[in-house]
Amino acid sequence: KTGWSHFSRLLCDKSSITSIYESNHVINYLGSQTLPPDLDILIHLNEHENKRAVAREKILRYHFRHGSNIQEFHDMKLEVMPHAVSWLSRDFYSTGRESS
């Protein structure tokens, strides 16, 4: 279990939005063994070809879960907020290219 936690942190360092964004979004296979549920989810997310969408989905799942950390928007500059909300609200399953 301890070894798997290192992979979980590599795939999604939940300590901040930046850490999640800079986590690995490429590794999508760790062998044929049964993975812990949290690691299995991260591996599944990483299978998506749009890595920016993967980062965004991880941020939504692990930073803003249950409405927590909404303070991030309160402290955000007003001119940045619409762009941040737009970026976070994009469709994860979209196959189109992202402009930013």
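This one's a predicted model, so the numbers in the text were calculated from it and none came from an experiment.

If you tally the helices and strands in the protein chain, you get six helices and zero strands. Of the contacts formed within the protein chain by residues at least 6 apart in sequence, a portion of 54% connects residues at least 24 apart. Just so you have it, the protein chain exposes about 6800 Å², and 56% of that area is on carbon and sulfur atoms.

Here we come to the pattern of salt bridges. When charged atoms on two side chains of opposite charge get close, those side chains can pair. This structure, assessed with the given rule, holds two salt bridges. Asp-13 serves as the salt-bridge partner of Arg-9, at 3.5 Å between the closest nitrogen and oxygen. The class of Arg-9 is exposed, set by a relative accessible area of 53%. Assessed through its relative accessible area of 15%, Asp-13 is described here as buried. Between Arg-61 and Glu-57 there is a salt bridge whose closest N-O contact spans 2.8 Å.

Turning to the environment of Leu-10, a few remarks are in order. The topology assignment puts Leu-10 in helix α1 (residues 2-11). Counting along the chain gives 12 residues from Leu-10 to Glu-22, while the straight-line C-alpha distance between them is 9.5 Å. When sequence neighbours within four positions are dropped, the list of residues in contact with Leu-10 reads Ser-23, Asn-24 and Ile-27.

Turning our eyes to something else, we now look at the side chain of His-25. Tracing the backbone shows His-25 in the loop between α2 (17-21) and α3 (37-46). According to the relative accessible area criterion, His-25 is buried, its value standing at 8%. Polar contacts involving the side chain of His-25 include one to the main-chain carbonyl oxygen of Tyr-21, which spans 2.9 Å.

Here is what the cut-offs are and how they apply
- Residues numbered from 1 in each chain as written.
- Predicted model: local features only at pLDDT ≥ 70, side-chain atom pairs only at ≥ 80, totals over all residues.
- Heavy atoms only, no water.
- Helix = DSSP H or I, 4+ residues; strand = E, 2+ residues; numbered from the N terminus.
- Contact = heavy atoms within 4.5 Å.
- Areas by Shrake-Rupley, 256 points an atom, 1.4 Å probe, with all protein chains shown as cover.
- Salt bridge = Lys/Arg side-chain N within 4 Å of Asp/Glu carboxyl O.
- Buried < 20%, exposed > 50% of the residue type's maximum accessible area, 1.4 Å probe, protein only.
- Polar contact = N/O pair within 3.5 Å; in protein donor to acceptor, adjacent residues only side chain to side chain.

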